Amino acid sequence: MSAAAAQRATAFAPASVGNVGVGFDILGFSVDVLGDRVTASVSATPGVTIKAIRGVADDLPLEAAQNTAGRAVQALVEAAAPAFGIELEIEKGIPLGSGLGGSAASAVAGVVAANRLLQTPFSKLDLLKFAMQGEAVASGSLHVDNIAPSLFGGLVLTVGIDHPRVKQIPVPKGVRAVVVHPHLYLATKEARAVLSKTIGMSDFVWQTANLAGFIAGCYSNDVDMIRASFEDVLIEPQRQSMIPGFADVKAAAMAQGALGCSISGAGPTIFAWALAEQAQSALAAMEAQFASRQIGVDGWVVDIESAGARLVEI
Ligand code: HSE
């Protein structure tokens, strides 16, 4: 039995690293150290309205249909047809154009908060589909690799768009993620526009092997298998020139013994996976490369396990 519907609820949704190198548009993991919060309140104004946007990005559209959280909650409202409107307040904790899944987190926090106002709440899988509509407003495409980990938490594989199936994948205990966010802006739409529409057969085989090996390594606790498979041969080569110093940052992480290093989502954030003993030195080495180019950064070593989006106030 679900709790009585609330008049007002606030949800937090974590940042995320999309693609994880080998799983373009289908694999991602959540990064709990930062995220977006959305408060949803019952309103007399029909439909979805956005009252305020605060935090690290306040110049986002206030028109619901143009806003990732607004559009996601509109999709929920279209499906639920509640007898009231929903007003949103958005608190951005994830910088725009950072490659940390900011648009996905707003959409996810929006639907998780709004769902709490409903007499009959939707399942998480339904919320995923609503949130995807919001993500599409920002990136122009229906990809799920940020939405799914932000909503479910941890390393998440999503298969299918119309009828998505979500799998939370175990990560070997000693593995940490190193995340380095350079203070640069890169629009997802722009980073998608540079990608070739076709790929060669040998690259297809190589990338397929890497994705399969990576997932198999995670399930079987085989860190060497993860290391051997942790290479994006398709997307990274096409995007890396958009991130100043990428090759040196990656080389610095690998020299410290990282299992792999690649672009977080569309970039410019760069992430690595490393064993706990090497994670801090990988972080320092990656940050030093940006510092040598006078580019400011934020950096974190994080656990990949996470609870995903959650209600924080009702
Ligand atoms: N998978 C997407 C991309 C993530 O790489 O374009 C962007 O948020």
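What you see is a predicted model, and the numbers here were worked out from it, not measured in a lab. (Residues numbered from 1 in each chain as written. Predicted model: local features only at pLDDT ≥ 70, side-chain atom pairs only at ≥ 80, totals over all residues. Heavy atoms only, no water.)

## Comments concerning the packing of helix H1 (residues 68-80) against helix H3 (residues 124-139)
Stage number 1. Between H1 and H3, whose axes approach to 7 Å, the crossing angle comes to 140 degrees. In terms of orientation, H1 lies oblique with respect to H3. Here H1 runs over H3; the crossing is right-handed. Here Thr68, Arg71, Ala72, Ala75, Leu76 and Ala79 of H1 lie close against H3, whose contacting residues are Leu127, Phe130, Ala131, Gln133, Gly134, Val137 and Ala138.
Stage number 2. A class-by-class count of the residues in the contact of H1 with H3 yields nine nonpolar, three polar and one charged. (Axes fitted to C-alpha atoms, helices over the stretch in contact; angles between N-to-C directions. Helix = DSSP H or I, 4+ residues; strand = E, 2+ residues; numbered from the N terminus. Parallel < 35°, antiparallel > 145°, perpendicular 65-115°, else oblique. Left-handed = near helix turned anticlockwise from the far one by under 90°. Contact = heavy atoms within 4.5 Å. Nonpolar A, V, L, I, M, F, W, Y, C, P; charged D, E, K, R; others polar.)

## A closer look at the sheet that holds strand S10 (residues 297-303)
Stage number 1. Read from one edge of the open sheet, four strands run S8-S9-S7-S10, paired in antiparallel fashion. Only two strands of the sheet have a single partner each, and these edge strands are strand S8 (260-263) and S10. Strand-to-strand twist in this sheet, taken as the mean axis angle between neighbours without regard to direction, amounts to 20 degrees.
Stage number 2. Pairing geometry for strand S7 (residues 175-182) and strand S9 (residues 270-275), over six bridges, is antiparallel. (Pairing = 2+ DSSP bridges.)

## Topic: the UniProt feature "binding site: ATP" (unreviewed entry) in the protein
Stage number 1. Residues given the UniProt feature "binding site: ATP" (unreviewed entry) here are Pro95, Leu96, Gly97, Ser98, Gly99, Leu100, Gly101, Gly102, Ser103, Ala104 and Ala105.
Stage number 2. Checked against the element boundaries, Pro95 lands in the loop between strand S4 (85-92) and helix H2 (102-115).
Stage number 3. Apart from the residues within four sequence positions on either side, Pro95 is in contact with Leu34, Val56 and His181.
Stage number 4. Tracing the backbone shows Leu96 in the loop between S4 and H2.
Stage number 5. Leave out the neighbours within four places in its chain, and Leu96 touches Ala57, Asp59, Leu60 and Tyr185. (UniProt positions renumbered as here; feature names shortened; annotations may be inferred.)

## As for the site of the ligand
Stage number 1. Residues in close proximity to the ligand include Asn19, Phe24, Asp25, His143, Asp145, Asn146, Thr188, Arg192, Arg239, Gly265 and Ala266, which together make up its full environment.
Stage number 2. Asn19 is positioned with one of its side-chain polar atoms (N or O) 2.7 Å from a nitrogen atom of the ligand.
Stage number 3. One nitrogen or oxygen atom from the side chain of Asp145 is found 2.7 Å from a nitrogen atom belonging to the ligand.
Stage number 4. Coverage of the ligand by the protein amounts to 95% of the 260 Å² it exposes when considered alone.
Stage number 5. Here the residues of the shell around the ligand are counted per class, giving two nonpolar, five polar and four charged. (Near = heavy atom within 4 Å. Polar contact = N/O pair within 3.5 Å; in protein donor to acceptor, adjacent residues only side chain to side chain. Areas by Shrake-Rupley, 256 points an atom, 1.4 Å probe, with all protein chains shown as cover.)

## A word on the packing of aromatic side chains
Stage number 1. Throughout the structure, instances matching the rule amount to seven aromatic pairs.
Stage number 2. Between the aromatic rings of Phe29 and Phe271, the centroid separation amounts to 5.8 Å while the plane-to-plane angle is 65 degrees, which identifies the pairing as edge-to-face. Remark: Phe271 occurs in strand S9 and Phe29 occurs in strand S2 (residues 27-43); sequence separation between them is 242 residues.
Stage number 3. Exposure remark for Phe29: the relative accessible area of 0% places this residue in the buried category.
Stage number 4. Among the aromatic residues, ring-to-ring pairing joins Phe29, Phe214, Phe230, Phe271 and Trp273 into one connected group. (Phe/Tyr/Trp six-rings, centres within 6.5 Å; stacked < 30°, edge-to-face > 60°. Buried < 20%, exposed > 50% of the residue type's maximum accessible area, 1.4 Å probe, protein only.)

## Focus: a nonpolar patch on the surface
Stage number 1. A contiguous nonpolar surface patch, about 420 Å² in accessible area, is contributed by Ile199, Met201, Phe204 and Val205.
Stage number 2. Relative to the assigned elements, Met201 resides in helix H6 (residues 201-219).
Stage number 3. A relative accessible area of 64% means that Met201 is categorised as exposed. (Patch = residues over 30% accessible without salt bridge, like charges linked within 9 Å, V, L, I, M, F, W, Y side chains within 5 Å. Salt bridge = Lys/Arg side-chain N within 4 Å of Asp/Glu carboxyl O.)

## A word on the pattern of salt bridges
Stage number 1. Under the counting rule described, the total for this entry stands at 13 salt bridges.
Stage number 2. In this structure, Asp32 and Arg310 form a salt bridge, with 3.4 Å as the shortest nitrogen-oxygen distance. With a gap of 278 residues between them, Asp32 in strand S2 and Arg310 in strand S11 (residues 310-313) connect regions that are remote in the sequence.
Stage number 3. A salt bridge links Glu231 to Lys250; the nearest nitrogen and oxygen atoms lie 3.3 Å apart. Residue Glu231 is found in the loop between helix H7 (223-229) and helix H8 (236-239), and its partner Lys250 is found in helix H9 (residues 246-255); the two are separated by 19 residues along the sequence.
Stage number 4. Because the salt bridges share partners, they merge into one network encompassing Arg8, Lys51, Arg54, Glu89 and Glu91.

## With respect to the domain arrangement of the protein
Stage number 1. When its domains are assigned, the protein resolves into domain 1 (8-168 + 307-312) and domain 2 (175-303).
Stage number 2. Using only C-alpha atoms to locate each centre, domain 1 and domain 2 end up separated by 24 Å.
Stage number 3. If you look at where domain 1 meets domain 2, you find one salt bridge.
Stage number 4. Of the charged contacts, one joins Asp25 and Arg192 as a salt bridge, the two residues approaching to 2.8 Å between their closest N and O atoms.
Stage number 5. Between domain 1 and domain 2 we count seven residue pairs in polar contact (both at pLDDT 80 or more) in total. (Domains from an automatic or database assignment.)

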